[in-house]
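Each chain is listed here by its residues.
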Amino acid sequence: MVCVLSVFNGFSTLIEEKLSSIDPDLKIYPSLGKEIANADSVASELQQRFDAIRYALPVIEDNALAVYGEKQMPVSIKAVTQEHEQTCGIAEAVKPDGRYLLTDSFGDYAVISVGAAMSLSAHPGYTRYLRLYTPKRIGKVNPTNYAGAFRSDTVFITGVFQIDEMNYDASTMIVPISVGRHLFDYPTQSTAIEITTNKSVAESELMSKIKSYLGPDYVVKNRLMQQETSFRMINIEKWISFLLLAFILLIAMFNVVSALSVLIVEKKSAIKSLSNLGATRGFIVGVFAWQTVIIGVLGTFIGVVLGIAMSLLQEHYGLLKLSGDTNAMIVDAYPVMVQWMDVVAVGCMSIAVSALSAVCVALIAASRVKDSH
């Protein structure tokens, strides 16, 4: 149990250490709906009001259909401003055959993820357009002209990025915010505001100040909160595994109870001798009950020590390797981290099961032992 929980802790820590290079320090969402009205004004006000904010930039994130040549696929569009490059390491993640360029005097461009590039057989260049289509957000659909129900735009591809995160590498495309506003019909709105803070800032304090300033219509999330789905899934799997292992431990308890029950039968003559010597029923029952407790406590201690030792060995030496292509993985061995609260939880669970075993053995012993008095 200690080893399994430590592995889940290791994966959580790994995600925390490898938080996306394109996720902002803080991100502001609307509490209701999916758009922030007058996003440019809100972002400007925040940047002027709080010295701790280095950049406050509106972004538009939504889904679209990408068509490149004869191939097409649904993609996740992230429309950003020119300053976005300074807020994250996305430019360094672009493959050598391209560059991070979203707009210049000749037009608008897109930087796409490696997954999208492979699915569309797309590559940087100026010989073929990438076409983007989205349903019109406002207006009626003309049944005789379905093409009129979509808004579209065309861009050239200037780069392909890979940051080794499935959420972004699968189907993300980064485009200028002007393209996003045209596609999704957001003339002044955005779906979020990304904030880059100065490094010396207390993040929790800044979050509280922003929440107080903006009011209940907005939600502020840090990097961990932005990845809450991943952390929630790991935590759910962790505690489900804990419950399954606890159930196995409960089943193992019956082996101890049955073994001691047989021992009670085998020691029938010894029990009778103790009764003849004046031992009370409670004393004799207590002998078997305490024997069960001692087995449980010793088993708990040995198991916890072995679990901690094995986890520490894995953490420092990586004895158990992950299967698969190690070149395509962030780590090649199971990540492990021992958390003492987990050790306490496992110890308490084991002691509780031992106590329950002792009660069962005591009841069995009491039914077979007659008080000599």
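Keep in mind the model is a prediction, meaning the values are calculated, not measured.

1. Some details on the overall build of the protein chain
The helix and strand tally for the protein chain stands at twelve helices and ten strands. Taking 21 Å as the expected radius of gyration for a compact globule of 373 residues, we find that the protein chain reaches 31 Å, considerably beyond that expectation. If you line up the protein chain on its principal axes, its C-alpha atoms span 105 × 50 × 45 Å. Within the protein chain, the fraction of its 373 residues that count as buried is 43%. When contacts within the protein chain are restricted to residue pairs at least 6 apart in sequence, long-range pairs at least 24 apart make up 78% of them. If you average the places of the 30 positive and of the 34 negative side-chain charges in the protein chain, the two averages end up 10 Å apart.

2. Observations concerning the packing of aromatic side chains
In total, this model carries five aromatic pairs according to the counting rule given. For the pair Phe50 and Tyr213, a centre-to-centre distance of 5.8 Å together with 85° between the ring planes defines the contact as edge-to-face. Taken together, the positions of Phe50 in the loop between helix H2 (39-49) and strand E2 (53-68) and Tyr213 in helix H7 (residues 203-214) put the pair 163 residues apart, joining distant regions of the chain. By relative accessible area, Phe50 is classed as buried at 10%. Take Tyr213: its relative accessible area is 33%, and that puts it in the partly exposed class. With centroids separated by 4.4 Å and ring planes inclined at 15°, the aromatic side chains of Tyr129 and Phe156 adopt a geometry described as stacked.

3. What to know about the environment of Val265
With respect to the element layout, Val265 can be found in helix H9 (residues 228-266). With 199 residues separating them in the primary sequence, Val265 and Ala66 have C-alpha atoms 76 Å apart.

4. Points about the pattern of salt bridges
Summed over the entire model, instances satisfying the criterion amount to nine salt bridges. With a shortest N-O distance of 3.1 Å, Asp40 and Arg181 are connected by a salt bridge. Of this pair, Asp40 sits in helix H2 while Arg181 sits in helix H6 (residues 177-184); the two residues are 141 residues apart in sequence, bridging distant segments of the chain. For Arg181, a relative accessible area of 16% gives the class buried. Two residues, Lys209 and Glu205, come together in a salt bridge whose shortest N-O distance is 3.4 Å. With Lys209 and Glu205 both in helix H7, this residue pair falls four residues apart, about one helical turn. Taken together, the shared-partner salt bridges in this structure form one network comprising Lys27, Glu61, Lys78 and Glu194.

5. Description of empty space enclosed by the protein
To find leftover empty space, one rolls a probe the size of a water molecule over the atoms. Applying the stated rule across the entire model yields one cavity of 30 Å³ or more. Taken together, Ile22, Asp23, Pro24, His84, Thr87, Cys88, Glu194 and Thr196 make up the lining of the largest cavity. The set of elements that each furnish at least two residues to the lining of the largest cavity consists of helix H3 (84-87) and strand E9 (192-197). Residue composition of the lining of the largest cavity, by class: three nonpolar, three polar and two charged.

6. Concerning the packing of helix H11 (residues 281-317) against helix H12 (residues 340-368)
Packing of H11 against H12 leaves a shortest axis separation of 8 Å and a crossing angle of 155°. Taken together, the axis directions place H11 and H12 in an arrangement best described as roughly antiparallel. You can see that H11 and H12 cross each other, and the crossing is right-handed. Here the residues of the contact of H11 with H12 are counted per class, giving 15 nonpolar, eight polar and one charged.

7. A look at H9
Between its first and last C-alpha, H9 extends 57 Å over 39 residues, near the 57 Å set by a 1.5 Å rise per residue. For H9, the set of buried residues is Phe231, Ile234, Lys238, Ser241, Phe242, Ala246, Met253, Val257, Leu260, Ser261, Leu263 and Ile264.

8. Considering the layout of surface pockets
In this structure, the second largest pocket occupies an estimated 480 Å³ of space. Lining the second largest pocket are 19 residues; nearest its centre among them are Lys27, Tyr29, Glu61, Tyr168 and Gln226. At the level of secondary structure, the elements contributing two or more residues to the lining of the second largest pocket comprise strand E1 (26-30), E2, strand E3 (71-80), helix H5 (166-169), helix H8 (223-226) and H9. Residues that form the lining of the second largest pocket fall into these classes: four nonpolar, eight polar and seven charged.

Thresholds applied
Residues numbered from 1 in each chain as written. Predicted model: local features only at pLDDT ≥ 70, side-chain atom pairs only at ≥ 80, totals over all residues. Heavy atoms only, no water. Helix = DSSP H or I, 4+ residues; strand = E, 2+ residues; numbered from the N terminus. Rg over C-alpha atoms; globule rule 2.2 N^0.38 Å. Buried < 20%, exposed > 50% of the residue type's maximum accessible area, 1.4 Å probe, protein only. Contact = heavy atoms within 4.5 Å. Lys, Arg positive; Asp, Glu negative; His and termini not counted. Charge placed at Lys NZ, Arg CZ, Asp CG, Glu CD. Phe/Tyr/Trp six-rings, centres within 6.5 Å; stacked < 30°, edge-to-face > 60°. Salt bridge = Lys/Arg side-chain N within 4 Å of Asp/Glu carboxyl O. 1 Å grid on protein atoms, 1.4 Å probe; cavity = no way out; pocket = protein on both sides within 12 Å on 5 of 7 lines; lining within 4 Å. Points joined across faces, edges and corners; volume = space filled by probe spheres on them. Nonpolar A, V, L, I, M, F, W, Y, C, P; charged D, E, K, R; others polar. Axes fitted to C-alpha atoms, helices over the stretch in contact; angles between N-to-C directions. Parallel < 35°, antiparallel > 145°, perpendicular 65-115°, else oblique. Left-handed = near helix turned anticlockwise from the far one by under 90°. Expected span 1.5 Å × (residues − 1).

Honestly, that's just the spatial picture; any functional story needs more than this.
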